[in-house]
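Report on the structure
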Amino acid sequence: MIHSTSLQRGLALLLLAAPVAALAVGPGSGSQSQSNIRVGNCQVSNIQVIYKLDSLMGEPTVSGSYKWTGNGNCSLPSSTTIWLKVEDGSGGRGYVRLKPAVPQANGAYGYNTSGSPDWDEALCGFDGNRRTSCLPPSGAKNLWKSGRVTDFSVTW
């Protein structure tokens, strides 16, 4: 027999969880790859990037990593950074920085934990590994809701 207070608590938790799921909005998740590029002193045959750009309770969440194939004796620079290009249909554009642990050649994805940048640092330009000219929070939120990842760049 279910007590009505247990049932009420269960329904209350369910109702509280529903709006959080409804707030989850972002450029989405996916993967992209590039072939035959140079990163530092290494010739990379293929680099595969995975990402998930979402939001939780109105804040951006960023998760992603990469793996690469190439000469197993070569190590990518520890400063290697992935910049995901986010664009929308009206010409809006910004880059999201991924900085996971640098993986070894021909192995698994580099370790990374999800992060939540401030809105004024979520979508920016870049110069090497530095963020430049970030979108203001209102512009970043609009691009986050309407944009999609269209490409990526690798810097070190």
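Above this note sits the structure.
Residues numbered from 1 in each chain as written. Predicted model: local features only at pLDDT ≥ 70, side-chain atom pairs only at ≥ 80, totals over all residues. Heavy atoms only, no water.

In this section: the nonpolar core. In terms of nonpolar packing, the biggest core is built from 28 residues, with I47, L53, W68, I82, L84, V96 and W144 touching the most fellow members. Listing elements by their share of this core, those giving two or more residues are β1 (28-39), β2 (42-56), β3 (59-70), β4 (81-87), β5 (93-98), α2 (137-146) and β8 (148-155). Leave out the neighbours within four places in its chain, and L84 touches V49, Y51, L53, G94, Y95, V96, L98, V149, D151 and F152. (Core = buried A, V, L, I, M, F, W, Y, C linked by side-chain atoms within 4.5 Å. Buried < 20%, exposed > 50% of the residue type's maximum accessible area, 1.4 Å probe, protein only. Helix = DSSP H or I, 4+ residues; strand = E, 2+ residues; numbered from the N terminus. Contact = heavy atoms within 4.5 Å.)

Another point: the side chain of T81. Tracing the backbone through its elements, the reader meets T81 in strand β4. Among the polar contacts listed, one links the side chain of T81 to the backbone oxygen of S79, at a separation of 3.0 Å. A distance of 3.2 Å separates the side chain of T81 from the side chain of N129, its partner in a polar contact. Excluding anything up to four places from it in sequence, T81 contacts R97, L98, K99, N129, S153, V154 and T155. (Polar contact = N/O pair within 3.5 Å; in protein donor to acceptor, adjacent residues only side chain to side chain.)

Before going further, it helps to spend a moment on the sheet that holds β2. One open sheet holds the 3 strands; their spatial order is β1-β2-β3, and the pairing between them is antiparallel. A single partner strand is all that each edge strand has here, and the edge strands are β1 and β3. When strand polarity is set aside, the average angle formed by the axes of neighbouring strands in this sheet is 20°. With 11 bridges joining them, β1 and β2 adopt antiparallel strand pairing. The residue of β2 that forms the bridge with G30 is Y51. (Pairing = 2+ DSSP bridges. Axes fitted to C-alpha atoms, helices over the stretch in contact; angles between N-to-C directions.)

The next thing to look at is the packing of aromatic side chains. Within this structure, the stated rule accounts for 3 aromatic pairs. Seen in terms of ring centroids, Y95 and F126 are 4.9 Å apart; in terms of plane orientation they differ by 85°. Their pairing is edge-to-face. Here Y95, found in strand β5, pairs with F126, found in strand β6 (residues 125-127); they are 31 residues apart in sequence, far enough to count as distant. Here W119 and W144 contribute two aromatic rings whose centre-to-centre distance is 5.8 Å and whose plane-to-plane angle is 85°, an arrangement assigned as edge-to-face. Of this pair, W119 sits in the loop between β5 and β6 while W144 sits in helix α2, and the two are 25 residues apart along the sequence. Here W144 falls in the buried class, since its relative accessible area comes to 1%. Here the aromatic residues W83, Y95 and F126 are joined through ring pairs into a cluster of three or more. (Phe/Tyr/Trp six-rings, centres within 6.5 Å; stacked < 30°, edge-to-face > 60°.)

None of the figures reported here should be taken as evidence of function without further support.
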